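Now for the letters of each chain:
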Amino acid sequence: MRLIIAEKKSVGQAIAAAIGGRAEPGEGCLTLPGTIVTWAQGHLVELAEPGEYEDRSWDKWSMDDLPIDPDPDWRWTISRSQGAAGQYRTVARLIADPRVDLLVNACDPDREGEAIFRRIIHHARTGKPAMRLWVASLEPDAIRQALGSMRPERDYDGLAAAADIRAKADWLVGMNASRAYTLTYDRRLPVGRVQTPTLALVADRDQAIADHRKTPYWKVVADMGGWRLSSDRIDDQETTGRLARSVTDGVMHITEVDRARVRQKPPRLYDLTGLQKDMARMHGITAARTLAALQQLYERGLASYPRTDSRYITHDDLETLHGLTQGTRLVDGFISSEARPAEPRYALVVDDSKVAGHTAILPTRVLDAQTLDQLDDDQRKVITRVVRRMWEAIGPDRVHDVTKVTATHDGRMFTGRSDQTIESGWTLIEPAPVKSGVKDAGDEDDADDQTADVIPVNLNEGVDLHPISPARVVQGETKPPARFTDATLLAAMEHASRYVEDRGLKNALDDDESHSGGIGTPATRADIIEKLIKSGYMARHGRHLESTQTGRLLVGIVSRELKDIALTARMEQALSDVEHGLTDPHQVMQTFRDLAHRIPEQAARDADPTIMAGRSIQREEYGPCPRCGQPVVRTGHVWQCSTNRSEKQPDGGWTLVEGCGWKLFGTISGRKLTNTNVRTLLGKGGIRLKGFTSKNGKTFDATLVPDPDHGCRFDFNNQGKDRK
């Protein structure tokens, strides 16, 4: 009998349904003829915390004990997540069942999925043979096909080794860096191997914005009758005024007319990062929400596997794509019939050499317009965009005529441009672009936007033209770099080569066929951003991401090595090389150990004496105290008035000795609060939240308002309690 271990219950149920036959429900499993299907719930087995190494003194934080390194005696423990211990016992019992002679790894087809399965069987101490079910879609046909083409689990040893190294590297760097800098500066300062370089990107951008000094400039714009000629920027207002008067009374000499018919090819299919960027840009949906929605769509069998870094499919997938584009199932409710490509160009999206593991994201044949009504707003927007990108990617080119004109007047150069669409092509698929109101880095001043201009087709070089009305003077000012958004930060993490000076490494990072090419992976980037926000190092203001004062402080005090983008990207490359069998796993692991061992010495050597002497690290403020009006700060998992001072008592407890005493605990009726929640609560006098749990176990939504005596309270006067 074979035992199939899925990553989640919903996936296990989908596999059982695809196998067919009557499934007998059991404790944490489903039993079919010849097969038992069970599941994890994410990571059931995790690396032990330092304090769980009883033979070491790591439960106490001391610089004398650093660096801490369990190698080679790493210990693993059952996850403390609710329900994990019980489900692990179920899975372990089934693994040990003498009837079971074959294990099947049906966890998600990626690095983390491999880690989940390997840790379970390692902890269960089993030597039973195992096969790998590698399926990128939970459609029944796809599952049955994958069951018929399973490979031995040993074929994925490289993937497992990369997962093991990543987990241990994050543990080593995180534990040693967090303890070293926390002890050095006497303040809790969590440091992450991948999070800190990401934070440095945002902090550096914020510093560039703060350092920017606006400089005014002026332009002269001449109306030529349906199109315009604009001067370059001029830094003197009087000169601009004289030029404008001269243009009004004079002529523009056309020196160059460049006409070109341009064919704009369709975009490629989506990988995860590309989809996250577009959802953030078009709808303001964060990277984490996009991934969550896509994961739910995958588990419902409506989308292919989400955590992919490929934008192509293989020749083996062509039949599936043909099936998706037949009929009107993915036309009605998704795109207009007029926009549907008459002759789909499937060859544009097929490239076997650019699919290392998972293909690009596609909808499945289960999806149709009626299914959209069963989805929440995020899921509906995400799958609609996936469907539209599928049609875009196989659509015709957009054909447009671009005309560029250069003219001179009194020795100064003027330019004009027009762009006229001849055939809309693939751009018809998205009905109307949704403007975010947020400019990405690199956006130009649009005061003299010329996109609507139409330059006459009979305009030739060498002619002199008079403006049809007095020339205008347009004033502008230089702009700082744009603040990061989810979309632009994801792009920066994905293309780390932009921030690397070493040409050899830059070229290596740009080689998308061999590794992720950046900070983190498509599967982890959204989580990195959210962790930085939850830790208080970054904050989300509307669609902008900004570093907090604490975040900027951390970037300022950690060693260059820990925030070095090139080093982090090189390490991601090394993990990818391990995954593909291109390098020795032990050598890569030793590199991470060496890095961790250097951290305590670097923290002590480079410590800022000014900060250490005065402990003058200013805490992040979250709003006014409801009791006394002074700033509220965060200490651990509690937000409290900055006037509060407590002393530890002989019995181990703490007593308030100074301050107004106002506190807000981090969990209210089972609902954890975030820094953003508390800022809104205190700044706006209330916040509407979902996911509270009553004493009888029912969930409800409610409005929280500040309370001077109890931290906060529910306000049901206006909103009422929405029970489910």
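Residues numbered from 1 in each chain as written. Predicted model: local features only at pLDDT ≥ 70, side-chain atom pairs only at ≥ 80, totals over all residues. Heavy atoms only, no water.

**Describing the pattern of salt bridges**
A side chain with one charge can pair with a side chain of the opposite charge if their charged atoms come near. Tallied over the entire structure, the rule returns 48 salt bridges. In this structure, R166 engages E112 in a salt bridge whose closest nitrogen and oxygen atoms are separated by 3.1 Å. Taken as a pair, R166 in helix α5 (residues 157-185) and E112 in helix α3 (residues 111-123) lie far apart in primary sequence, 54 residues in all. The exposure class of R166 is buried, given its relative accessible area of 18%. (Salt bridge = Lys/Arg side-chain N within 4 Å of Asp/Glu carboxyl O. Helix = DSSP H or I, 4+ residues; strand = E, 2+ residues; numbered from the N terminus. Buried < 20%, exposed > 50% of the residue type's maximum accessible area, 1.4 Å probe, protein only.)

**A short note on unusual backbone geometry**
Residue P67 is reached from L66 by a cis peptide bond, and omega for that bond is 0°. Between D71 and the following residue, P72, the backbone shows a cis peptide bond with an omega angle of 5°. Mapped onto the elements of the fold, P72 is located in the loop between β5 (45-47) and β6 (76-78). The phi dihedral of R125 is positive, around 55°, even though this residue is not glycine. Its location among the elements puts R125 in the loop between α3 and β8 (130-132).

**Structural notes on helix α9 (residues 287-299)**
Taking 1.5 Å per residue as the helical rise, α9 with its 13 residues ought to reach 18 Å, and the 18 Å between its terminal C-alpha atoms agrees with that figure. Taken together, the buried positions of α9 are occupied by A287, T290, L291, A293, L294, Q295, L297, Y298 and E299. Against α1 (9-19), α8 (272-283), α12 (377-393), α13 (486-494) and α15 (525-534) lie the buried residues of α9. Directly after α9, the chain includes G301, whose backbone phi takes a positive value near 75°. (Expected span 1.5 Å × (residues − 1). Contact = heavy atoms within 4.5 Å.)

**A look at the confidence of the model for the chain**
Confidence along the chain averages 89 in pLDDT terms, with 91% of residues attaining 70 or more. In the model, residues 434-447 has pLDDT below 50 throughout and makes 24 contacts with residues more than four positions away in sequence or in other chains. For the stretch residues 512-516, pLDDT sits under 50, and the model shows 13 contacts to residues farther than four places along the chain or on other chains. (pLDDT = per-residue confidence, 0-100.)

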